[in-house]
Amino acid sequence: MRFVLVFFLIFTGCATSAQTGKVVAVKDGDTIEMMMGKKAVRIRLFGVDSPEKGQPFGEKARQYTADLCYGKVVRLQQKDKDQYGRIVGEIFLPDGSSLNARLIAAGFAWQYTEFSKDPEWAKAQEQAKLEKKGLWADKHPVAPWTWRKQHRRSAR
């Protein structure tokens, strides 16, 4: 019976792939590199968007992510691949907590509601806003997607 259930989950796509590996680089608040076999693979964190490099709180978000995961063996729950070929997934830290959720709760990422509708993440974001944690301490925080759009225009 167990074999039938596992086969069904895999065949229907209900099972997602999970892999473990050591984090060898933190590119920014929502992008890390993790060893998968003998190769470092870039992972874009699912459902979150951290401030960009050069944006207020961008370096603090990168440092927060690094403090939580750099050099540690983590578990990746792959969700998708993005248009750049990066794996998109949720990262679980050695204590079992979600890096993605912790970034939101600490105020170093927005919940990217275009991709994630997780109600717990939404609550965590509202709490971070109320407590003025991280980027929410800014009087006028600018979402990364807005910041990117503004800076693409000014680069032209």
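Quick note: structure is the one above.
The sections below set out a description of the structure shown in this document. The structure presented is a predicted model; accordingly, all values stated were derived computationally and were not measured.

### Some points on the packing of aromatic side chains
Then, number 1: Scanning all chains against the criterion turns up 6 aromatic pairs.
Then, number 2: Their ring planes at 35° and their centres at 5.2 Å tell us that Tyr 64 and Phe 108 sit as a pair that is tilted. One end of the pair, Tyr 64, is in helix H2 (residues 58-69); the other, Phe 108, is in the loop between helix H3 (99-105) and strand S7 (110-111), and 44 residues separate them in sequence.
Then, number 3: Residue classification places Tyr 64 among the partly exposed residues on the basis of a relative accessible area of 21%.
Then, number 4: Ring plane angle 15° and centroid distance 5.2 Å describe the contact between Tyr 112 and Trp 145, whose orientation is recorded as stacked. Here Tyr 112, found in the loop between S7 and helix H4 (119-130), pairs with Trp 145, found in helix H5 (residues 144-155); they are 33 residues apart in sequence, far enough to count as distant.
Then, number 5: On the basis of relative accessible area, Tyr 112 is assigned to the buried category, the value being 16%.

### Notes on the side chain of Ser 50
Then, number 1: One can find Ser 50 in the loop between strand S4 (48-49) and H2.
Then, number 2: Look past the residues within four positions of Ser 50 in its chain and what remains in contact with it is Gly 29, Asp 30, Ala 61, Phe 108, Ala 109 and Pro 144.

### Regarding H2
Then, number 1: Taking 1.5 Å per residue, 12 residues should reach 16 Å; H2 reaches 17 Å between its end C-alpha atoms and fits that length.
Then, number 2: Residues of H2 that are buried: Gly 58, Ala 61, Thr 65, Ala 66, Leu 68 and Cys 69. End-on view of H2: buried residues confined to an arc of 165°, all on one side of the axis. The exposed residues of H2 that point more than 90 degrees off its buried face are Lys 60 and Asp 67.
Then, number 3: Packing partners of the buried residues in H2 comprise strand S1 (18-28), strand S2 (31-36), strand S5 (73-81) and H3.
Then, number 4: Positive backbone phi, approximately 80°, marks Gly 71, located one or two places after H2.

Parameters and conventions
Residues numbered from 1 in each chain as written. Predicted model: local features only at pLDDT ≥ 70, side-chain atom pairs only at ≥ 80, totals over all residues. Heavy atoms only, no water. Phe/Tyr/Trp six-rings, centres within 6.5 Å; stacked < 30°, edge-to-face > 60°. Helix = DSSP H or I, 4+ residues; strand = E, 2+ residues; numbered from the N terminus. Buried < 20%, exposed > 50% of the residue type's maximum accessible area, 1.4 Å probe, protein only. Contact = heavy atoms within 4.5 Å. Expected span 1.5 Å × (residues − 1). Arc of directions from axis to C-beta.

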